[in-house]
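# Descriptive analysis of the structure
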Amino acid sequence: MTSDPSPSSADLSLEAAALLAQAVEARAAMDRAARDTTTAADELRRYAKFSKPGQPSAHIVQLRQRQATARIDSARAKQAFLKASQAFVHAAGLTVPPRTTLDAFMQPWLAKPR
């Protein structure tokens, strides 16, 4: 018996289960985007360290553009995760406790087997 008063994954409606699956996919996309952002930043740092002062090379400019794109993708993925999580919480009839972020509240739900 668990002390978790929230319903189990088996007790969810079809709509809530589908929204939970969307949240899981959005979380995976958010993790991939975070890795891409880190990789782009590391690569930019590595090449910028040895670049000559003055006009940046075309390669450095491309790396900066890639980093900016990765940041935008990361922000979009986080927004999609939060939107899917909010829809899941609403459809499942759950309430997020005070002083708890939606991201932290969703962690046990994302870890539950389906």
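Above this text you will find the structure in question.
Residues numbered from 1 in each chain as written. Predicted model: local features only at pLDDT ≥ 70, side-chain atom pairs only at ≥ 80, totals over all residues. Heavy atoms only, no water.

## Overview of the overall build of the protein chain
Stated formally: Numbering of helices and strands runs from the N terminus, with a helix taken as a DSSP run of H or I at least four residues long and a strand as a DSSP run of E at least two residues long. The method behind every accessible area is Shrake-Rupley, applied with a 1.4 Å probe, and residues are considered shielded solely by the protein chains displayed.
Secondary structure summary: the protein chain contains three helices and zero strands in total. When its helices and strands are written in sequence order, the protein chain yields α-α-α. For the protein chain, the accessible area works out to roughly 8100 Å², and carbon and sulfur atoms hold 56% of it.

## As for the pattern of salt bridges
Operational definition: Put simply, a salt bridge is a Lys or Arg side-chain nitrogen that is within 4 Å of an Asp or Glu carboxyl oxygen.
Counted by the stated rule, this structure contains four salt bridges. Between Asp103 and Arg27 there is a salt bridge, and its shortest N-O distance comes to 2.9 Å. Of this pair, Asp103 sits in helix α3 (residues 102-111) while Arg27 sits in helix α1 (residues 14-49), placing them 76 residues apart in sequence. Counted as one network, the salt bridges with shared partners bring together Arg27, Asp31 and Asp103.

## With respect to unusual backbone geometry
Note the cut-off: When a residue's accessible area, from a 1.4 Å probe over protein chains only, is under 20% of the maximum for its type it is buried; when over 50% it is exposed; and in between it is partly exposed.
Its identity is not glycine, yet Arg99 carries a phi of approximately 60 degrees, on the positive side. Mapping Arg99 onto the fold places it in the loop between α2 (58-92) and α3. For Arg99, a relative accessible area of 90% puts it in the exposed group.

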